[in-house]
Amino acid sequence: MFESLGERLQNAVHKIKGYGKITEENISEMMREIRLALLEADVNYKVVKEFINNVKEKALGEEVQKSLKPGELFVKIVKDELVELLGGEKKDLNLNGNPAKLMLVGLQGSGKTTTIAKLANMLRKKYHKKPLLVACDVYRPAAIDQLKQLGKQLNIEVYDEGNNNPVDISNNALKYAKENNYDYVLIDTAGRLHIDETLMDELENIQKSIMPEETILVVDSMTGQDAINVIEGFNNKLKLTGAILTKLDGDTRGGVALSVRHLTNVPIKFIGVSEKLDGLEEFYPDRMATRILGMGDIMSMIEKAESVIDEKEAMETAKKMQQGKFDLEDFLTQLNQIKKLGPLENLLKLIPGASKMGLNKVKINPKDMAHIEAIVLSMTPYERRHPEVLKASRKVRIAKGSGRSVEEVNKLLKQFEEMKKMMKMMKNGNLKMPF
Ligand SMILES: Nc1nc2c(ncn2[C@@H]2O[C@H](COP(=O)(O)OP(=O)(O)O)[C@@H](O)[C@H]2O)c(=O)[nH]1
Ligand SMILES: [Mg+2]
């Protein structure tokens, strides 16, 4: 997600951290780099301009000048401003209606139908309440079928009246929902490839008629600057209450994500992160900013690692991991590197969101590490390079040699396999960050 933007911002920000003094000159240089990074990520120029102005103003403020660590304070300013840009506090859905009515709008292909099914599924799971999906994209028969198909998969009812008038359908659906005790009515609407007056009027009529608590714009985050016109078009015509960004699992540069809030003044409420029906996540501006800047205290973690780890050795290991050639010999090297970092507990605490994940309470017994090392050291170099040859008799020998049990040898080998699997996933980009 936003790799190249993240990398560039991190580089810019990292540089300034080292400055003992903040001058107009080095601020300007930094702002130039940040500005370019944002523009290249396709962030709307108006948004970039305001972002830069805000950061600059704060950075030149007295507080920063007086600070003992101006670089760090500057990083904080950038992060805070990024959080603001992404919407500040997390905003929840307004589900106060009885039933609560939610209407999803957006261009064709933006992900409305998929997202509305994901959303119904999520709401049902989270609140244990009953959602009803309503098919108001009446222009293509396939659209109704698609929603029905998704409803069937999730076992959620879909209300449809074929190609009847969408305003009537939504009114009838609402009546049906009240009579049958549905808690949420989720309306899937039609989209066109471009903003289209007739369609906009139709959406406006649905909105006026059923007065939804939420009218959410679904935006494909893969679209570049074009998306901005679309966002503004929908926002001018309809009273939007939120946005959902889809396809963030793809190779998106991030511009839409960083522009949408500023341009519409409506909060991003969810993000779509896969085609699957569980691929919807609540949106937290703070976590996203942290993710983009790759910071939290990960930064100090990296700095710490850099200071003790042999760079050449680390590069070689990383290369092997990427090629899927990581073996137990490399694992041993890694263990030794990790040992140099000091108590692991301290490192885990630096991971952003560590306390939320319970990592701050994890206890690691140094003895366990020593046992693992003993087992690996009892293998022959050939065995370390080819763990697949480790059958029963060899395991018994290793267990004896290391003074551990065969079970422990097995456990280690299993963990090693898991680790390799994880590396493969990281390589393929399928591993989600835990925050
Ligand atoms: N990878 C990915 N694909 C998505 C996501 N959301 C929607 N899609 C895909 O985008 C395409 C269009 O989605 P659809 O719901 O039919 O869009 P609609 O025309 O707005 O209703 C489909 O192939 C979806 O599977 C997402 O978050 N990630
Ligand atoms: Mg659709």
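If you're wondering where the values come from, they're calculated on a predicted model, not measured in any experiment.

## Comments concerning the overall build of the protein chain
Part 1: Per the secondary structure count, the protein chain includes 20 helices and eight strands.
Part 2: Each of the 435 residues in the protein chain was classed as buried or not, and the buried ones make up 35%.
Part 3: The long-range fraction of contacts in the protein chain, counting pairs at least 24 apart against all pairs at least 6 apart in sequence, stands at 75%.

## Remarks on the packing of helix H5 (residues 70–85) against helix H12 (residues 285–293)
Part 1: Look at H5 against H12: their axes get within 8 Å of each other, and the N-to-C directions meet at 130 degrees. Viewed along their axes, H5 and H12 adopt a mutual orientation that is oblique. Seen from above, H5 lies across H12 with right-handed handedness. For the pair H5 and H12, contact is made by Lys79, Leu82 and Val83 and by Pro285, Asp286, Ala289, Ile292 and Leu293, respectively.
Part 2: Here the residues of the contact of H5 with H12 sort into six nonpolar, no polar and two charged.

## Describing the nonpolar core
Part 1: Counting 88 residues, the largest nonpolar core has Leu132, Leu133, Val134, Val185 and Leu186 as its most contacted members.
Part 2: In terms of residue count, the dominant contributor to this core is H5 (seven residues).
Part 3: Excluding anything up to four places from it in sequence, Leu133 contacts Ile116, Ala117, Ala120, Leu147, Gly151, Ile156, Glu157, Val158, Tyr159, Leu186 and Asp188.
Part 4: Core analysis: the next-biggest nonpolar cluster, separate from the first, contains nine residues, Ile372, Ile375, Ile398 and Leu412 among them.

## Overview of the environment of Asp278
Part 1: Structurally, Asp278 can be placed in the loop between strand S7 (268–272) and strand S8 (280–282).
Part 2: Taking the C-alpha atoms as reference points, Asp278 and Lys118, 160 residues apart in sequence, are found 6.2 Å from one another.

## Observations regarding the site of ligand 1
Part 1: Around ligand 1, the surrounding shell holds 19 residues, and the nearest of these are Gly111, Lys112, Thr113, Thr114 and Gly272.
Part 2: No other element matches helix H6 (residues 112–127), which puts four residues into the shell around ligand 1.

## So, the confidence of the model for the protein chain
Part 1: Scored by pLDDT, the protein chain has a mean of 84; 87% of the residues are at 70 or more.
Part 2: Across the protein chain, strand S3 (residues 158–159) holds the top mean pLDDT of 98, while helix H13 (residues 298–308) sits lowest at 57.
Part 3: Segment residues 431–435: pLDDT under 50, and nine contacts once partners within four positions in sequence are set aside and those in other chains are kept.

## A word on the pairing of strand S5 (residues 214–220)
Part 1: In terms of burial, S5 is a largely internal element, seven of the seven residues being buried.
Part 2: Between S5 and its parallel partner strand S6 (residues 242–246), the chain crosses via helix H10 (residues 226–237), and the hand of that crossover is right-handed.

## Topic: unusual backbone geometry
Part 1: The amide bond that connects Asn98 to the next residue, Pro99, takes the cis arrangement and shows omega of 0 degrees.
Part 2: At Asn181, a residue that is not glycine, the phi angle is positive and equals roughly 60 degrees.
Part 3: Inspection of the secondary structure puts Asn181 in the loop between helix H8 (166–179) and strand S4 (184–189).

## Re the pairing of S6
Part 1: Burial analysis of S6 places five of its five residues in the buried class, the great majority of the element.
Part 2: Burial along S6 is two-sided: Gly242, Ile244 and Thr246 and Ala243 and Leu245, pointing in opposite directions, are all buried.
Part 3: Two elements, S6 and S7, share three bridges in a ladder whose sense is parallel. When the bridges of S7 are listed, Ile244 appears paired with Phe270.
Part 4: In this region the chain leaves S6, passes through helix H11 (residues 255–264) and returns to the parallel neighbour S7; the handedness of that crossover is right-handed.

## Quick look at the sheet that holds strand S2 (residues 131–136)
Part 1: The eight strands are arranged S3-S2-S4-S1-S5-S6-S7-S8 in an open sheet whose pairing can be described as mixed. At either margin of the open sheet sits one strand with a lone partner, and together these are S3 and S8.
Part 2: Of the pairings in the sheet, the one linking S2 to S4 comprises six bridges and is parallel in character. Residue pairing for S4: Ala135 is matched across the bridge by Asp188.
Part 3: Sitting on the sheet, H11 is in contact with S5, S6 and S7, with an inclination near 165 degrees to S6.

Rules used in this analysis
- For every chain, the first residue of its written sequence is number 1, and the numbers climb from 1 along that sequence.
- Chain letters and ligand numbers both follow the written order, the letters beginning at A and the numbers at 1.
- With the structure being a predicted model, the display of local features is reserved for residues of pLDDT at least 70 and the display and counting of side-chain atom pairs for 80 or more, all residues being used for whole-chain, interface and lining totals.
- The helix and strand labels rest on DSSP assignments: H or I over at least four residues marks a helix, E over at least two residues marks a strand, and numbering proceeds from the N terminus.
- Using C-beta atoms placed from the backbone, we call a residue buried if 20 or more other C-beta atoms fall within 10 Å of its own, exposed if 12 or fewer do, and partly exposed for counts in between.
- Any residue pair is listed as a contact if its two C-beta atoms, each placed from the backbone, are within 7 Å.
- Axes here refer to lines fitted to C-alpha atoms; in helices the fit is confined to the stretch in contact. Angles between the N-to-C directions go from 0 to 180 degrees.
- Oblique is the label for any angle not under 35 degrees, not over 145, and not in the 65 to 115 range, which are roughly parallel, roughly antiparallel and roughly perpendicular in turn.
- The crossing is said to be left-handed when, going from far helix to near helix, the turn is anticlockwise and less than a right angle, and right-handed when the turn is clockwise.
- In this classification, the charged set is Asp, Glu, Lys and Arg, the nonpolar set is Ala, Val, Leu, Ile, Met, Phe, Trp, Tyr, Cys and Pro, and all remaining amino acids, among them Gly, are polar.
- By our criterion, buried Ala, Val, Leu, Ile, Met, Phe, Trp, Tyr and Cys residues that link up through C-beta atoms within 7 Å make up a nonpolar core.
- For each residue, a C-beta atom is positioned from the backbone; the residue is called near a molecule or strand if that atom sits within 6 Å of it.
- Note: pLDDT gives the predictor's confidence per residue, expressed from 0 to 100.
- Call a crossover right-handed when, viewed with both strands pointing away from you, the route from the first strand across the helix to the second goes clockwise.
- When DSSP finds two or more bridges between two strands, those strands count as paired.

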